[in-house]
Amino acid sequence: MAQYSAVLDGVFVALADPTRRAVLRRLGRGPASVGDLAGEAPMTLPSFMKHVRVLESNGLIRTAKSGRVRTCELNRERFALVEDWLAEQRSIWTDRTDRLERFVTTPEEKQ
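Now for a look at the structure at hand. Going along each chain's sequence as written, the residues are numbered from 1 onward. Note on the predicted model: pLDDT of at least 70 is required for a residue's local features to be given, and 80 or more for side-chain atom pairs to be given and counted; whole-chain, interface and lining totals, by contrast, use all residues. Excluded from the side-chain calculation are hydrogens and water; included are all heavy atoms of the structure.

Thoughts on the pairing of strand β2 (residues 61-66)
Just so we agree on the cut-off: One bridge is not enough; two strands pair if DSSP finds at least two bridges between them. The helix count covers DSSP runs of H or I at least four residues long, the strand count covers runs of E at least two residues long, and both are numbered beginning at the N terminus.
Where β2 meets strand β3 (residues 69-74), six bridges bridge the pair, whose relative direction is antiparallel. Paired with Ser66 across the two strands is Val69, which belongs to β3. Taking the residues between adjacent antiparallel strands as the criterion, β2 and β3 are bridged by two residues, where Gly67 takes a positive phi near 70 degrees.

Below, the structure is given as structure tokens:
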């Protein structure tokens with residue numbers, strides 16, 4: 001469980017930054033070169049590359065180099081990790097709110 005938690009923590013750290021979320025949103029439309037992605041960000045290329053490395057090291061994107069061009073693509077499978085965690089949280093909170101609703105709406109003599 002600790003290893004799962006560390007991986008999930010890394011994914012959430014990567015998702016916490018608006019620049020990285022913008023990159024993911026753009027890659028949702030299809031692969032793009034680092035140059036194209038960096039052109040949309042208000043920073044230098046070396047600074048932008050740090051964001052690319054964070055996304056890649058946490059498995060949210062894959063990169064491939066062909067000649068001088070590095071292309072990025074979304075790793076959609078990694079998002080299943082977040083989706084599973086959110087589903088688990090949704091289930092927990094649904095159960096809790098259902099119990100609270102029953103407690104509040106059940107007459108006192110039935111409790």
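A few points about the packing of aromatic side chains
Here is the rule we go by: Note on ring pairs: Phe, Tyr and Trp rings are taken, using the six-membered ring of Trp, and paired if centres are within 6.5 Å. Classes follow the plane angle, with under 30 degrees stacked, over 60 edge-to-face and the rest tilted.
According to the stated counting rule, one finds one aromatic pair in the structure shown. Considering the side-chain rings of Phe12 and Trp85, the 5.2 Å spacing of their centres and the 70 degrees angle between planes classify their relative orientation as edge-to-face. One end of the pair, Phe12, is in helix α1 (residues 2-15); the other, Trp85, is in helix α5 (residues 79-105), with 73 residues separating them in the sequence.

Considering the nonpolar core
Under the convention used in this document: Take the buried Ala, Val, Leu, Ile, Met, Phe, Trp, Tyr and Cys residues and link them wherever side-chain atoms come within 4.5 Å; each set so joined is a nonpolar core. For each residue, the accessible area found with a 1.4 Å probe, counting protein chains only, is set against the maximum for its type, and the residue is called buried under 20%, exposed over 50%, and partly exposed in between. In what follows, a contact means two residues having at least one pair of non-hydrogen atoms within 4.5 Å.
By size, the foremost hydrophobic cluster in this structure holds 21 residues, and its most contacted members are Leu27, Phe48 and Ile61. When residues of this core are traced back to their parent elements, those giving at least two are α1, α2 (18-27), α3 (34-39), α4 (45-57), β3 and α5. Here the element with the most residues in this core is α1; it accounts for four residues. Here Leu27 is in contact with Ala32, Leu37, Ile61, Cys72, Glu73, Leu74 and Arg76, once residues within four sequence places are set aside.

Quick notes on the side chain of Asn58
Applied cut-off: Distance and chemistry together define a polar contact, namely a pair of N or O atoms within 3.5 Å, with one atom able to donate a hydrogen and the other to accept it when in protein, and with adjacent residues in sequence counting only for side-chain atoms on both sides.
The residue Asn58 is located in the loop between α4 and β2 in this model. Residue classification places Asn58 among the buried positions, given a relative accessible area of 17%. Among the polar contacts made by the side chain of Asn58, one reaches the main-chain carbonyl oxygen of Val54 at a distance of 2.9 Å. Ignoring sequence-local partners within four residues, the contact set of Asn58 consists of Gly10, Val11, Ala14 and Arg78.

What about the packing of α2 against α4?
The test is simple: Orientation is described by lines fitted to C-alpha atoms, with helices fitted over the stretch in contact, and by angles between N-to-C directions that extend from 0 to 180 degrees. Reported orientations rely on four angle classes, namely roughly parallel under 35 degrees, roughly antiparallel over 145, roughly perpendicular from 65 to 115, and oblique for the rest. Should the near helix be turned anticlockwise from the far one by less than a right angle, the crossing is termed left-handed; should it be turned clockwise, right-handed. Each residue receives one of three labels: charged for Asp, Glu, Lys and Arg, nonpolar for Ala, Val, Leu, Ile, Met, Phe, Trp, Tyr, Cys and Pro, and polar for the others, Gly being one of them.
Where α2 meets α4, the axes come as close as 10 Å, and the angle between the chain directions of the two elements is 70 degrees. On the basis of their axis angle, the class for α2 and α4 is roughly perpendicular. In this structure, α2 meets α4 at a crossing whose hand is right-handed. Contacts between α2 and α4 pair Thr19, Arg20, Val23 and Leu24 from the former with Phe48, His51, Val54 and Leu55 from the latter. Taken together, the residues that form the contact of α2 with α4 break down as five nonpolar, two polar and one charged.

A closer look at the sheet that holds β3
Across the sheet, three strands lie side by side as β1-β3-β2; this open sheet has antiparallel pairing. The open sheet has two free edges, formed respectively by β1 (32-33) and β2, since each of these has just one partner strand. Strand direction decides the pairing type here: β1 and β3, joined by two bridges, are antiparallel. Bridged to Ser33 within β3 is Thr71. Strand contacts of α2: β1, β2 and β3, with the helix running at about 85 degrees to β3, the strand carrying the most contacts. Sheet contacts for α4: β2 and β3; angle to β2, the most-contacted strand, approximately 120 degrees.

Interpretation note: all reported values are geometric properties and have no functional meaning in isolation.
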